[in-house]
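Take a look at the letters that make up each chain.
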Amino acid sequence: MHVRKSPVRKPAASEPIGKPLPPGQHAAKRWPVLHQGEAPEFDPATWDFRVFGLVAQELRLDWCAFQTLPRIEQAGDLHCVTRWSVLDTRWSGVLARTVLDLAGPLPDARFAVMHGEAGYTANVPLAALRDESAILATGANGEPLEMKHGFPVRSVLPALYAWKSVKWLRAIEVTADDRPGFWESFGYSNQADPWKEQRFAEDDAREK
Ligand SMILES: Nc1nc2c(c(=O)[nH]1)N[C@H]1C(S)=C(S)[C@@H](COP(=O)(O)O)O[C@H]1N2
Ligand SMILES: [Mo]
């Protein structure tokens, strides 16, 4: 009998069997909490969510309006550059693509800056937000998001390192040019592909 060699690399001892992890990552036993500064307060009376910049129709939704958007539920991983990963969280929320389509990015639009509360930002290619894995989550594992994990809305971009998944997300700014966000301006990778281990700016030139 001919046995074909498995194309999947052998998992390290700490990895759960069956799901490969990006290089240099281990599966966290509990879901860590990691952010700059304090978690903000949420006031549903004043909270809003905006899509602005290079769009046909700027969008501003209050909390009631945000909750009427078409909803999805799907699994997605978080890979923190400090080397922990949280696998297969069941996120509920809205596809990022849904709010982009409502605003209608103009032909020159190629990037976005994700704006969190208190000035935290992360830059991403617009294509990463159009990807069907990109979620604006309001819930995780059947419960509303905990405040410390980004309630009421956080982005979840499982294909990129987790600093690009902005907690307490308030706006998406659509741009023509790429503008570094908070960690990117401190020398972290612009592309941030965990499968290519693009942790720092110097890793972006390398295609693994
Ligand atoms: N607004 C905001 N979002 C943020 C951060 C932050 O400091 N502020 N930290 C990022 C980092 S580095 C990680 S690893 C994840 C952690 O998400 P968690 O605390 O829900 O595990 O949030 C990301 N989103
Ligand atoms: Mo992180």
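Above this text sits the structure in question.
Cut-offs and rules
- Residues numbered from 1 in each chain as written.
- Chains lettered and ligands numbered in written order.
- Predicted model: local features only at pLDDT ≥ 70, side-chain atom pairs only at ≥ 80, totals over all residues.
- Heavy atoms only, no water.
- Helix = DSSP H or I, 4+ residues; strand = E, 2+ residues; numbered from the N terminus.
- Rg over C-alpha atoms; globule rule 2.2 N^0.38 Å.
- Contact = heavy atoms within 4.5 Å.
- Areas by Shrake-Rupley, 256 points an atom, 1.4 Å probe, with all protein chains shown as cover.
- Lys, Arg positive; Asp, Glu negative; His and termini not counted.
- Charge placed at Lys NZ, Arg CZ, Asp CG, Glu CD.
- Pairing = 2+ DSSP bridges.
- Axes fitted to C-alpha atoms, helices over the stretch in contact; angles between N-to-C directions.
- Near = heavy atom within 4 Å.
- Polar contact = N/O pair within 3.5 Å; in protein donor to acceptor, adjacent residues only side chain to side chain.
- 1 Å grid on protein atoms, 1.4 Å probe; cavity = no way out; pocket = protein on both sides within 12 Å on 5 of 7 lines; lining within 4 Å.
- Sits in = over half its atoms within 2 Å of the grid points.
- Nonpolar A, V, L, I, M, F, W, Y, C, P; charged D, E, K, R; others polar.
- Points joined across faces, edges and corners; volume = space filled by probe spheres on them.
- Buried < 20%, exposed > 50% of the residue type's maximum accessible area, 1.4 Å probe, protein only.

(A) Region of interest: the overall build of the protein chain. Counting its secondary structure elements, the protein chain contains 3 helices and 11 strands. Listing every helix and strand of the protein chain by position from the N terminus yields β-β-β-α-β-β-α-β-β-α-β-β-β-β. Radius of gyration (C-alpha) of the protein chain: 18 Å, near the 17 Å computed for a compact globule of 208 residues. Oriented by its inertia axes, the alpha-carbon framework of the protein chain measures out at about 60 × 40 × 35 Å. Taking as baseline every contact in the protein chain between residues at least 6 positions apart, the subset at least 24 positions apart corresponds to 64%. About 11,100 Å² of surface is accessible on the protein chain, with carbon and sulfur atoms providing 54% of the total. For the protein chain, the distance from the average position of its 25 positive side-chain charges to the average position of its 27 negative side-chain charges is 8 Å.

(B) Geometry of the sheet that holds strand β6 (residues 111-116). Strand order in this open sheet of 5 strands is β3-β2-β11-β6-β7, and the pairing throughout is mixed. Each edge of the open sheet carries a strand with a single partner, namely β3 (59-62) and β7 (121-125). Adjacent strand axes in the sheet meet at a mean angle of 15°, parallel and antiparallel pairs treated alike. Summarising the sheet, strand β2 (residues 48-53) and strand β11 (residues 169-175) pair through 4 bridges and their orientation is parallel. Bridge pairing in β11 links F52 to E173.

(C) A look at the site of ligand 1. Surveying the vicinity of ligand 1 reveals 17 residues, the closest of which are P32, Q36, H149, R154 and K167. Between ligand 1 and L34 there is a distance of 2.9 Å, counted from an oxygen atom to a backbone nitrogen or oxygen. Note that a nitrogen atom of ligand 1 is positioned 2.8 Å from one of the backbone N or O atoms of S165. Alone, ligand 1 offers 540 Å² of accessible surface; in the complex the protein occludes 96% of this. In this structure, ligand 1 is accommodated by the largest pocket. The residue makeup of the shell around ligand 1, split by class, is 11 nonpolar, 4 polar and 2 charged.

(D) Geometry of the environment of M114. Here M114 is to be found in strand β6. Sequence separation between M114 and L95 is 19 residues, and the spatial gap between their C-alpha atoms is 14 Å.

(E) Looking closely at the layout of surface pockets. In this structure, the largest pocket occupies an estimated 560 Å³ of space. If you trace the largest pocket, you find 29 residues lining it, with L34, H35, Q36, Y120 and W183 closest to the centre. For the lining of the largest pocket, the class distribution of residues is 18 nonpolar, 7 polar and 4 charged.

(F) A look at helix α2 (residues 96-103). Three or more residues of α2 are buried, namely A96, T98, V99, L100 and A103. Each element contacted by the buried residues of α2 is listed here: β2, β3, β5 (84-95), α3 (126-130), β8 (135-140) and β11. Looking one or two residues beyond α2, the residue adopting positive phi is G104, at roughly 70°.

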